[in-house]
Amino acid sequence: MNANFIMSHDVTTIIGLEVHVQLKTKTKLFCGCSAEFGASPNTQVCPVCLGLPGALPVMNEQAIELAICAGLAINCSIPELTKWDRKQYFYPDLPKGYQISQFDLPICADGYLEITDPANPDATRHIGIIRAHLEEDAGKSMHDEVAGKSDTRIDLNRCGTPLLEIVSQPDLRSSAEVKEYLTQLKLILTHLGISDCEMQEGSLRVDANVNLHINVDGKKVATPIVEVKNMNSFRAVERAIEFEVERQAIDWQADGLTINDKPKTTRGWDDSKERTFIQREKEESADYRYFPDPDLLPVRIPREQVEEIRKSMRELPNVTCDRLQSQHGLKQYDANVIVNQGPQLVAYFERVADVSGDAKRSSSWVQQDVMRTLKERDMVIDEFPVTSVQLGELLKLVSDAKLDNARARDVFNYLLDKESTVEEAIKSLGIEQVDSSEIDTLCQELLDANPNVVDDVRGGKVQAVGSLIGQAKKKNPNANPQQVRETLLRLIGE
Ligand SMILES: [Zn+2]
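Just so you know, the residues in each chain are numbered from 1, in the order the chain's sequence is written. Only residues with pLDDT of 70 or above have their local features reported here, since the model is predicted, and side-chain atom pairs are shown and tallied only from 80 upward, although totals for entire chains, interfaces and linings are computed over all residues. To get the side-chain values, all heavy atoms of the structure are used, and hydrogens and water are removed first.

Colleague: Explain the packing of aromatic side chains residue by residue, including any values.
Modeller: Stacked, edge-to-face and tilted labels apply to pairs of Phe, Tyr and Trp rings (six-membered ring for Trp) whose centres lie within 6.5 Å, assigned for plane angles under 30 degrees, over 60, and everything in between, in that order. The tally for this structure, following the rule as stated, stands at 8 aromatic pairs. With a centroid separation of 5.6 Å and an interplanar angle of 75°, the aromatic rings of tryptophan 365 and phenylalanine 412 are classed as edge-to-face. Placement of tryptophan 365 in helix 10 (residues 359-377) and of phenylalanine 412 in helix 12 (residues 405-417) is noted, with a sequence separation of 47 residues between them. Only protein chains enter the accessibility calculation, which uses a 1.4 Å probe; a residue is then buried when its area is under 20% of its type maximum, exposed when over 50%, and partly exposed in between. A residue is classified by how much of its surface remains accessible, and phenylalanine 412, at 1% relative accessible area, is buried. The helix count covers DSSP runs of H or I at least four residues long, the strand count covers runs of E at least two residues long, and both are numbered beginning at the N terminus.

So, in structure tokens, the structure goes:
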């Protein structure tokens, strides 16, 4: 019935996202404690991040640089002046009683992201970004239920780690667009080394503000806004939004309440029940009683610093993708697959392509053999045993018809497990590059012994040479099948 309601009415879904990403700094935002994930609870803390009396914060320059870099990548302007404010609230995992954040002068403002329109892959959608600001993270409460009794423990390691909160305009219109936006944002931020963006580890968190605009007799009616939290994967974000759209349509049909009747509420996503549930009525921002942090000076950002960061920035992923197509002649799909693996794999591919002189073959080997092995061995490309130069040399031999694909794969597998040059590997495997006069002799012998094949081919059955290729391979395992085939056809034609 709801699907019917949504289909039969003119309903527009309005979604805005607040995305928190943890910046990849060595240390926390205002102290020297390590910001690394995964240490034993409460081992990465000091008086500053614990908020002990008298401790003074010192700003982390690297966090400022990463935030500027992120801002430039999402087309924001970087104001000359930014400042720190205290956001006050009480929560057990926030020992200071306030969070240092940015209220009215964020470090990045007024940007946008172009995303592919999921409804039309040839079109793009322009998603506005209101602002991106820096803030420190709170600790983590772990709610356990051990042996039937509920228990909460607190890990303060995360207290004070730097977050960038990226706030979009309510420009997103469907769960598919949200997925596209998040995918694009994650690709940019990981590509530039700004954040790991791992939802499972909490280095990327998404809150979604969702409501509906319903056309009633030519007038737009907006349903109350709901902020959805606690989604721990992109899939969960999509499902939570789809659930909310239906739920709000049902509620509106039942009670007719609009945005003017009901303040914004917060709902959590329950992944196992696949539904959202009410968490709390939202405080207005005034409730946090923001005020400028008296311990921290406002930050001036010189224009030269912004320009320096802009110049030193790595190429953006969409630019790399275009370049792989124009410079190496890859198809868009293949370029995307490689770019999505990150800049290290792009660099690896480009070196293989340069050394081999054969970008298409390089692309297919990188996407198949290399990526499969990385996955099987759970390693990153920087640890890969076959270097880009080795793979390039190997593929050049294939392109020059000195090795066939099967033999090249043997060499590749050998290099995976043994330190060796390509040449040594070929020797150790007993592979001999066969000289073309040998192939000529071999083919001539086969043709002399099989006159029926010659007749068949001359009669138009070209595929008849296939039976001789197998025989050639038996007589000389090093013979390249492609070369044998070409030689056979040439000799028959003579
Ligand atoms: Zn600390």
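Colleague: How would you explain the nonpolar core if you had to name every residue and give the values?
Modeller: Formed by 77 residues in total, the largest nonpolar core has its most connected members in Leu17, Leu164 and Tyr181. At 9 residues, helix 3 (residues 61-73) tops the list of elements feeding residues into this core. Should any heavy atoms of two residues lie within 4.5 Å, those residues are considered in contact. Apart from residues lying up to four places away in sequence, tyrosine 181 is in contact with Leu17, Val19, Leu113, Ile115, Ile127, Ile129, Ile166, Ser168 and Leu172. Here, nonpolar core refers to any group of buried Ala, Val, Leu, Ile, Met, Phe, Trp, Tyr and Cys residues whose side-chain atoms link them within 4.5 Å.

Colleague: Report on the pairing of strand 13 (residues 265-270), specifying residues and quantitative values.
Modeller: Taking burial as the measure, the 6 residues of strand 13 include 6 buried ones, the bulk of the element. Where burial is concerned, the two faces of strand 13 agree: the one with Thr265, Arg267 and Trp269 and the one with Thr266, Gly268 and Asp270 are both buried. As paired strands, strand 13 and strand 14 (residues 275-281) are joined by 6 bridges and run antiparallel to one another. Its bridge partner lying in strand 14, aspartate 270 is registered against arginine 275. In this structure, the hairpin formed by strand 13 and strand 14 is closed by a connection of 4 residues, where glutamate 274 is found at a positive phi of approximately 55°. DSSP bridges decide pairing: two strands pair if at least two such bridges lie between them.

Colleague: Account for the sheet that holds strand 3 (residues 85-88), naming residues and giving values.
Modeller: Strand order in the open sheet made by the 3 strands is 4-3-15, with antiparallel pairing throughout. Taken across any chain shown, the strands that pair with only one partner, and hence form the sheet edges, are strand 4 (98-101) and strand 15 (291-292). Pairing of strand 3 with strand 4 involves 4 bridges; the strand directions are antiparallel. Bridging from a neighbouring strand, arginine 86 pairs with isoleucine 100 of strand 4.

Colleague: A description of the side chain of lysine 87 should follow, citing residues and the corresponding values.
Modeller: Relative to the helices and strands, lysine 87 resides in strand 3. Charge counting treats Lys and Arg as positive and Asp and Glu as negative, with His and both chain ends excluded. The term salt bridge refers to a pairing of a side-chain nitrogen on Lys or Arg with a carboxyl oxygen on Asp or Glu at a separation within 4 Å. The buried charged residue lysine 87 lacks any salt bridge, with glutamate 135 as its nearest oppositely charged partner at 5.2 Å.

Colleague: Please set out the coordination of the zinc ion residue by residue, giving values where relevant.
Modeller: Each donor-metal-donor angle in an ideal tetrahedron of four donors is 109.5 degrees, and each such angle in an ideal octahedron of six donors is either 90 or 180 degrees. Protein-derived coordination of the zinc ion comes from Cys31 (SG), Cys33 (SG), Cys46 (SG) and Cys49 (SG), at a distance range of 2.3 to 2.4 Å. Only N, O and S atoms count as donors, using a 2.8 Å limit from the metal and a wider 3.2 Å limit for Na, K and Ca, and since water is excluded some coordination spheres may look unfilled. By the criteria applied here, four donors are tetrahedral when all angles lie between 85 and 135 degrees, four are square planar and six octahedral when opposite donors are over 155 degrees apart and every other angle lies between 65 and 115, and any other arrangement is irregular. The coordination sphere of the zinc ion comprises 4 donor atoms, whose angles at the metal cover 102 to 114°; the geometry is tetrahedral. Each donor residue of the zinc ion belongs to the same chain, and together they define the spacing C-x1-C-x12-C-x2-C. For the pair shown, cysteine 46 and cysteine 49 are each scored as buried.

Colleague: So what's going on with the environment of leucine 29? Residues and values would help.
Modeller: Relative to the helices and strands, leucine 29 resides in the loop between strand 1 (10-22) and helix 2 (47-50). What makes leucine 29 buried here is its relative accessible area of 0%. Remark: the alpha-carbon pair of leucine 29 and proline 57, spanning 28 residues in sequence, is separated by 8.5 Å. Discounting residues that sit within four places of it in the chain, leucine 29 has contacts with Val58, Met59, Asn60, Ala63, Trp84, Glu135, Glu136, Gly160 and Pro162.

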